[in-house]
Amino acid sequence: PDLAALDRVLCDCRACPRLVAWREEVGRVKRKSFADQTYWARPIPGFGPPDARLLIVGLAPAAHGGNRTGRMFTGDRSGDILVEALHSLGLANQPTSVSADDGLQLRGVRFTAPVHCAPPDNKPTPAERDTCRPWLVRELQLTRPTVRAMVVLGAFGWQALFPAIAAAGTWTVPKPRPTFGHGVRVELPAADDGPALAIHGCYHVSQQNTFTGKLTPEMLREVIGAAAAEAGL
Ligand code: DU
Ligand code: SF4
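### Here's the deal with the overall build of the chain
Link 1 in the chain: From N to C terminus, the chain includes 8 helices and 5 strands.
Link 2 in the chain: Along the chain, from the amino end to the carboxyl end, the secondary structure elements read α-α-β-α-α-β-α-β-α-β-β-α-α.
Link 3 in the chain: For the chain, the C-alpha radius of gyration of 16 Å lies close to 17 Å, the compact-globule estimate for 233 residues.
Link 4 in the chain: Principal-axis analysis of the C-alpha atoms places the extent of the chain at approximately 50 × 35 × 30 Å.
Link 5 in the chain: Taking all 233 residues of the chain together, the buried fraction comes to 47%.
Link 6 in the chain: Of the contacts made within the chain by residues no fewer than 6 positions apart, 66% connect residues no fewer than 24 positions apart.

Now the structure itself:
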């Protein structure tokens with residue numbers, strides 16, 4: 001099965017009872033400003049071309065963002081900030097990410113996350129993270145031929161990523177595992193006969209970080225730009 005097939009099957013996953021209940025509850029109650037919309041209320045697959053060279057790894061979909069629009073980093077402030085940065089670097093065809101049919105195209109970049117359903121308080125449990133891992137493992141295996149670099153947004157994604165890489169058998173995970181930090185870069189040698197991988201840590205693009213200035217647009221652009229250059233974009 002290819003990546004598109006994986007993305008389709010993912011959308012039927014109901015493996016986490018708490019997250020299934022939450023994604024559907026949010027879709028029933030809705031936010032007032034979106035009351036006239038039908039929420040997606042299902043798992044949200046990765047987004048971007050199948051031959052992406054750079055993966056951007058988030059945390060989990062937002063209740064009224066991806067869970068509403070059906071596309072990762074779409075319809076919320078996090079998506080706005082991320083896609084604006086990508087557009088400024090020539091990695092997106094437009095600076096906004098509003099809805100699944102807004103025409104956004106990423107160039108050489110794919111969004112994904114270690115958890116594919118919106119969690120309460122943006123906090124998946126360790127059990128939910130582990131239950132969702134096989135999806136990321138398959139995605140890593142299927143994108144392995146072209147992926148050269150990753151930008152990991154936040155410590156949750158960082159910690160979830162290394163066990164997935166180890167399970168995928170694509171790159172060798174250092175021991176002890178590297179600690180997350182903004183601007184941290186680690187290089188993983190290939191575990192197969194393909195090329196190595198550069199992983200860049202970046203503070204998450206959530207409002208918590210962007211409103212407070214902990215993560216500025218310049219900081220985000222700098223990390224993504226460095227990773228994209230390494231990926232040959
Ligand atoms: O392609 P695969 O990751 O080996 O998944 C095969 C099969 O497992 C697919 O039909 C979905 C299901 N599955 C699941 O229910 N939950 C997961 O976290 C990963 C896979
Ligand atoms: Fe399935 Fe992942 Fe959603 Fe859990 S979080 S229900 S494993 S897609």
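### Examining the pairing of strand S3 (residues 149-153)
Link 1 in the chain: Burial within S3 is extensive, with 5 of its 5 residues counted as buried.
Link 2 in the chain: Alternating residues of S3 divide into Ala149, Val151 and Leu153 and Met150 and Val152, and every residue in both groups is buried.
Link 3 in the chain: Bridge analysis of S3 against strand S5 (residues 197-202) gives 5 bridges, and the strand direction is parallel. Within the sheet, the bridge partner assigned to Val152 lies in S5 and is Gly201.

### Details of the sheet that holds strand S4 (residues 185-188)
Link 1 in the chain: Overall, mixed pairing links the 5 strands, which are arranged S2-S1-S3-S5-S4 in an open sheet. Whereas interior strands pair on both sides, the edge strands pair on one side only; in this sheet they are strand S2 (109-112) and S4. Recorded for the sheet is a direction-independent mean angle of 20° between the axes of neighbouring strands.
Link 2 in the chain: The pairing of strand S1 (residues 54-57) with S2 spans 4 bridges and is classified as parallel. Looking across to S2, one finds that Leu54 is bridged to Val109.
Link 3 in the chain: Relative to S3, helix H6 (residues 155-168) is tilted by about 140°, and along the sheet it contacts S1, S3, S4 and S5.

Rules and cut-offs
Numbers given to residues run from 1 along each chain, matching the order in which its sequence is written. A letter from A marks each chain and a number from 1 marks each ligand, given out in the order of writing. Given that the model is predicted, a residue must reach a pLDDT of at least 70 before its local features are reported, and side-chain atom pairs must reach 80 or more before they are shown or counted; all residues, however, enter totals for whole chains, interfaces and linings. The helix and strand labels rest on DSSP assignments: H or I over at least four residues marks a helix, E over at least two residues marks a strand, and numbering proceeds from the N terminus. Atoms considered for the radius of gyration are the C-alpha atoms alone. The globule rule reads 2.2 Å times the number of residues to the power 0.38. Each residue is classified by how many other C-beta atoms fall within 10 Å of its C-beta atom, where C-beta atoms are placed from the backbone; a count of 20 or more means buried, 12 or fewer means exposed, and values in between mean partly exposed. With C-beta atoms placed from the backbone, a contact is any residue pair whose C-beta atoms sit within 7 Å. Pairing between two strands requires that DSSP report at least two bridges joining them. To get an axis, a line is fitted to the C-alpha atoms, and for a helix only the part in contact is used. The angle between two axes follows their N-to-C directions and goes from 0 to 180 degrees.

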